[in-house]
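# Coordinates in review
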Amino acid sequence: AASRGSHCSLFYAQPALVTHMTALRRRSSLDRGEWLFVQDPQRAWTLGRVERRGSRVVSLNVDGRRREARMSQVDEAGRALNASGDDLCDLDVFTEGSILHHVRRRFEASVIYTWVGSILIAVNPFKKLPIYSERIIDAFRADARAPHAYAVASRCYDALRETGAPQSVLVSGESGAGKTETTKIILSYLARVAGGARDDDVARRILESNPVLEAYGNAKTLRNDNSSRFGKWMTVAFDADRRVAGCAIDTYLLEKSRVVGCGPGERTYHALYQVLSDIEGEAREFPYLARGGCVRIDGIDDAQEFATQLRALDALGVTDQQDVLDIVAAVLHLGCAEFDGDDAR
């Protein structure tokens, strides 16, 4: 099997043959002066240069200091340490260390996207980068070879237009990896290229759903100020002309326990703070909000986010907004209730 031309080919061999081939590669990589990747507690893998080798231990120069490492702690680095290609499948060595090394080098150059065949690696920069705009969307509409979330969306949409078959984009990663933002980026691409004069309202409403989902499904954790505490499956429908016609959103596995409690330094769901954002100090009066010891997030204006949420509800056609806010208020006041009696009963 192969991905993107002749690269990233898969082959099958007997385990003994694979072991022998690995041993041959590693033996040639252990010559004095050769570069190796060595496991590191801070950087996962780091580069070291071979000084001498024994039967079970190799001595390396790592950042000017000698370090002894077992054979099981090192892996080959290859000859393309300074490669600048967009696809890691083009590397001569494809190991965990080489993957991290090249992704790190690109990230340090403010290049956050990298291909691995048809898979896109995205590293969250935790800052705004000037790589998202309608002009850039139009550029990827014409040429989707460079690694970018727009390129994934472009390939997916092109396949839909050409084959008429349903397409899927899986956005995965640990907390703080940028899944929510990546989803919005892909949706913004579809709204741009698959929208039209009569469909602008549909595309706008799809994008406007995000502030509502984030208000009632995202919260501050120790690792991420806007962590999604639920799973989301979005189905975007297209008409016969391949224009956006609608969207269905299924949510699942919402962390309901966070409504009534969260860990130190964390918050419950944003909506509970937003509804109180114009009342100074009021949030601390509600036990559900005060338990984490954090009612404000640096760089986030809850009042502004609340206004964005209300505009989004308008765009989505939610006419009973007061009922929604009444439920939020009821939850907050329920947290103030105290009960007497035998806990066992």
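The notes below deal with the structure included here. Since we're looking at a predicted model, the values are computed, not measured.

On to the side chain of serine 154, then. Counting through the fold element by element, serine 154 comes out in helix H4 (residues 149–163). In this view, serine 154 contacts Phe140, Arg141, Ala144 and Tyr189; residues no more than four positions away in its chain are not counted.

Turning next to the pattern of salt bridges. For the structure on display, the rule yields 17 salt bridges. The residue aspartate 138 makes a salt bridge to arginine 192 at a minimum N-O spacing of 2.8 Å. Highlighted residues: aspartate 138 in helix H3 (residues 134–142) and arginine 192 in helix H5 (residues 179–193), separated in sequence by 54 residues. You can call aspartate 138 partly exposed: its relative accessible area is 37%. In this structure, lysine 184 engages glutamate 214 in a salt bridge whose closest nitrogen and oxygen atoms are separated by 3.0 Å. One end of the pair, lysine 184, is in helix H5; the other, glutamate 214, is in helix H6 (residues 200–217), with 30 residues separating them in the sequence. Here lysine 184 falls in the partly exposed class, since its relative accessible area comes to 23%. Overall, glutamate 214 belongs to the buried group, its relative accessible area being 14%. When salt bridges with common partners are traced through the structure, they connect Arg229, Glu255, Arg258 and Glu266 into a single cluster.

Here five strands make up an open sheet; going across it, the order is S4-S3-S2-S1-S5 and the pairing antiparallel. Because the sheet does not close on itself, it has two edges, and the strands there are strand S4 (65–70) and strand S5 (74–76). Taken over all neighbouring pairs, the strand axes of this sheet differ in orientation by 45° on average, direction set aside. In the sheet, strand S3 (residues 57–62) pairs with S4 via six bridges, with the strands oriented antiparallel. If you follow asparagine 61 over to S4, its bridge partner there is arginine 66. Here helix H2 (residues 96–108) sits on the sheet in contact with strand S1 (35–40) and strand S2 (44–53), set at roughly 120° to S2.

This part takes up the pairing of S3. Judged from the four bridges that link them, S2 and S3 form a sheet pairing that is antiparallel. In the sheet register, arginine 53 faces S3, and the bridge partner there is valine 58. Hairpin connection of S2 to S3: three residues between the antiparallel strands.

Here we take up the nonpolar core. In terms of nonpolar packing, the biggest core is built from 24 residues, with Phe140, Tyr150, Tyr157, Tyr189 and Val193 touching the most fellow members. At the level of secondary structure, the elements contributing two or more residues to this core comprise strand S6 (113–116), H3, H4 and H5. Setting aside chain neighbours within four positions, we find phenylalanine 140 in contact with Ala146, His148, Tyr150, Ala151, Ser154 and Tyr189. Val58, Leu60, Ala69 and Met71 belong to the second-largest nonpolar core, a separate cluster that totals 10 residues.

About the cut-offs
- In this numbering scheme, every chain counts its residues from 1 along its sequence in written order.
- Under the rules for a predicted model, residues below a pLDDT of 70 receive no local features and side-chain atom pairs below 80 are neither given nor counted, while totals for whole chains, interfaces and linings still include all residues.
- With hydrogens and water excluded, all non-hydrogen atoms of the structure serve as input to the side-chain values.
- Secondary structure elements follow DSSP: runs of H or I no shorter than four residues count as helices, runs of E no shorter than two count as strands, and numbering proceeds from the N terminus.
- Residue contacts follow a heavy-atom distance rule, with two residues in contact if any of their heavy atoms lie within 4.5 Å.
- Take a side-chain nitrogen of Lys or Arg and a carboxyl oxygen of Asp or Glu: if they are within 4 Å of each other, that pair is a salt bridge.
- The buried label goes to any residue with under 20% of its type's maximum accessible area, the exposed label to any with over 50%, and the partly exposed label to all in between, with areas taken from a 1.4 Å probe on protein chains only.
- Strands pair, by our definition, only if DSSP identifies at least two bridges between them.
- For every element, the axis is a line fit to its C-alpha atoms; helices are fit only across the contacting stretch, and the angle between N-to-C directions ranges from 0 to 180 degrees.
- Buried residues of nine kinds, namely Ala, Val, Leu, Ile, Met, Phe, Trp, Tyr and Cys, make up a nonpolar core once their side-chain atoms join them within 4.5 Å.

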